[in-house]
Amino acid sequence: MLPANTPTEIPFDVDAIRDQFPSLAETDNGIARIHFDNPAGTQVPTRVVERMSECLLHGNANIGGFFKTSELAGALVDEARSAMADFFNAPSTDEVIFGQNMTSLTLQLSRSIGRHLKTGDEIVLSRMDHDANVEPWLLLARDHKLEIRWLPFDTDSFEFDLSTLDDILSERTRLVCVGGASNLTGTINDVKSICAKARDVGAWSYIDAVQSAPHIATDVQDLGCDFLVCSAYKFFGPHQGILWGRREVLEQLDPYKVRPAPAELPWCFEPGTQSHEGLVGTGAAVDYFAEIGAALAGSGAGTRREQIVAAFEQLFEYEKSLAAQLIVGLDDIPGITVQGITAPEALNRRVPTVSFTHSDHRPEAIAEALARRNIFVWNGHNYGLEPAKALGLLESGGVLRVGIVHYNTGDEIDTTLNALEDILS
Ligand SMILES: Cc1ncc(COP(=O)(O)O)c(C=O)c1O
């Protein structure tokens, strides 16, 4: 059994954090709601909603006009782009591209990337990825007669063996697509090494950071990737997708755009009118992290980027302690198998998204029973079709997924473990 890792020395006030999220205080017939549905979408702090309403109430106009509302909309959108550049540690705001969500951005950008590829070129896809970083490339391969090479993962360790990637990569590889963290197993992948290997054979890398972005600081320069995409609604913002692309690479691509739209970065990759309020709310979510980081750093608060990094470091420590508490408790319940990393010394290599199966109860039945106790979780493959298939779980209903973030508490985990013991006994 794992040693309990109770969060005794949290350097931030979890209650003060929770107070910023009105939805966390909601009850039904006196029963508190427990949000462990976070990998599918997090709750939103008041500041995000306030900034979005400022945009809608005072700056509701298209950008580029001579009048007040248009000027304000432009300034708010510029600020959101600059916040996301800090979030990504992007060298420039021009490389930050907004879109409806991660899936739409990927489908859209894959069209432009496809124009660079020719019959027989190879794309590496992973068996651990969410379908949003799989099917757009399978469709592209179909349209351009490209070859797909699959990167498997070890179904015992829930990690890639990167020596396999060496065997798969060749001078024909043009693109390597992989996730920062799995939405099913929770594994954090060694994206930096994967990108270096891709670069060594002259391939571009396309990173799905949707599940890593809420938990660990994203640094596109350190990762050495060519594209990285995520979704603000997974990190306490509104429904909004954001893509970072390396300038030299973006400049080689043909954007799919209409004729009057600007030809310059980043707008050439942002067809139509954006959800300005979504962009602004996304910037506010970044500032939410920065404010936590600034409070942690005290008087030497530093740049917004430094504040963001400081926040993630501490929040992730806390999340890891909650994940350890959950894993220890699940380990004590007969019939449960955690479908992911469980070793205490390896919790750095997973996000606190803990999926499990039970020998006698289907995930759907467990999720329904938990929902009756106001504990919100997801069940199924959660669009992680490839990992669910690789783990042999597709036919049996996938997994039951408990997704922790930093506004969750040890008490919520205890309540959930008690409920599970009861339901599964
Ligand atoms: C790892 C991962 N990638 C991509 C997506 C799709 O994101 P979006 O809803 O923004 O298209 C999800 C959604 O759950 C996800 O978990």
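Residues numbered from 1 in each chain as written. Predicted model: local features only at pLDDT ≥ 70, side-chain atom pairs only at ≥ 80, totals over all residues.

### Looking at helix α11 (residues 304–331)
Part 1 of the reasoning: In this model, α11 (28 residues) spans 40 Å end to end at C-alpha, consistent with the 40 Å of a helix rising 1.5 Å per residue.
Part 2 of the reasoning: Of all 28 residues making up α11, 20 are buried, and the element is well covered by its neighbours. (Helix = DSSP H or I, 4+ residues; strand = E, 2+ residues; numbered from the N terminus. Expected span 1.5 Å × (residues − 1). Buried ≥ 20, exposed ≤ 12 C-beta atoms within 10 Å, placed from the backbone.)

### Topic: the sheet that holds strand β14 (residues 378–380)
Where strands meet in a sheet, backbone hydrogen bonds hold them as pairs that are either parallel or antiparallel.
Part 1 of the reasoning: In spatial order, the strands read β11-β12-β15-β14; together these four strands make up an open sheet with antiparallel pairing. Every other strand in the sheet has two partners, leaving β11 (336–338) and β14 as the edge strands with one partner each. Sheet twist, expressed as the average angle between the axes of neighbouring strands with direction ignored, equals 30°.
Part 2 of the reasoning: Direction of pairing for strand β12 (residues 353–358) relative to strand β15 (residues 399–403): antiparallel, over a ladder of four bridges. Note on β15: the bridge partner recorded for phenylalanine 356 is leucine 400.
Part 3 of the reasoning: Sheet strands touched by α11: β11, β12 and β15. Its angle to β12, the strand with the most contacts, is close to 10°.
Part 4 of the reasoning: Taken strand by strand, helix α12 (residues 363–372) contacts β12, β14 and β15, and its axis lies near 165° from that of β14. (Pairing = 2+ DSSP bridges. Axes fitted to C-alpha atoms, helices over the stretch in contact; angles between N-to-C directions. Contact = placed C-beta atoms within 7 Å.)

### Some points on the domain arrangement of the protein chain
Part 1 of the reasoning: One can read the domain layout of the protein chain as domain 1 (14–45 + 304–424) and domain 2 (49–286).
Part 2 of the reasoning: Between the C-alpha centres of domain 1 and domain 2 the distance comes to 26 Å.
Part 3 of the reasoning: Between domain 1 and domain 2, the contact holds 33 residues from the first and 35 residues from the second.
Part 4 of the reasoning: Those elements that provide at least two residues to the side of domain 1 that touches domain 2 are α11, β12 and α13 (385–390).
Part 5 of the reasoning: Top contributing element to the side of domain 1 that touches domain 2 by residue count: α11, with seven residues.
Part 6 of the reasoning: Here the side of domain 1 that touches domain 2 is composed, by residue class, of 19 nonpolar, eight polar and six charged. (Domains from an automatic or database assignment. Nonpolar A, V, L, I, M, F, W, Y, C, P; charged D, E, K, R; others polar.)

### Side note on the site of the ligand
Part 1 of the reasoning: Around the ligand, the structure places 14 residues, and the nearest of them are Asn101, Thr103, His130, Asn183 and Ser231.
Part 2 of the reasoning: Taken together, the residues of the shell around the ligand break down into five nonpolar, eight polar and one charged. (Near = placed C-beta within 6 Å.)

### Quick look at the sheet that holds strand β6 (residues 147–151)
Part 1 of the reasoning: Reading across from one edge, β4-β10-β9-β8-β7-β5-β6 is the order of the seven strands in this open sheet, with mixed pairing throughout. Only two strands of the sheet have a single neighbouring strand rather than two, namely β4 (96–99) and β6. On average, each strand axis in the sheet is inclined to that of its neighbour by 20°, with strand direction left out of account.
Part 2 of the reasoning: Bridge count for strand β5 (residues 122–126) against β6 is five bridges, and the pairing is parallel. For serine 126, the partnering residue across the bridge sits in β6 and is leucine 151.
Part 3 of the reasoning: Lying over the sheet, helix α5 (residues 135–144) contacts β5, β6 and β7 (173–179), oriented at roughly 155° with respect to β5.
Part 4 of the reasoning: The strands touched by helix α7 (residues 191–200) are β7 and β8 (204–208); relative to β8, the strand with the most contacts, the crossing angle is about 155°.

### A look at unusual backbone geometry
Part 1 of the reasoning: A cis amide bond links leucine 265 with the next residue in sequence, proline 266, at an omega value of -5°.
Part 2 of the reasoning: Of note, proline 266 is situated in the loop between α9 (247–250) and α10 (276–297).
Part 3 of the reasoning: For asparagine 89, which is not glycine, the phi torsion reads 55° and is therefore positive.
Part 4 of the reasoning: Considering the arrangement of structural elements, one finds asparagine 89 in the loop between α3 (68–88) and β4.
Part 5 of the reasoning: Its identity is not glycine, yet asparagine 382 carries a phi of approximately 50°, on the positive side.
Part 6 of the reasoning: With respect to the helices, strands and loops of the structure, asparagine 382 is situated in the loop between β14 and α13.

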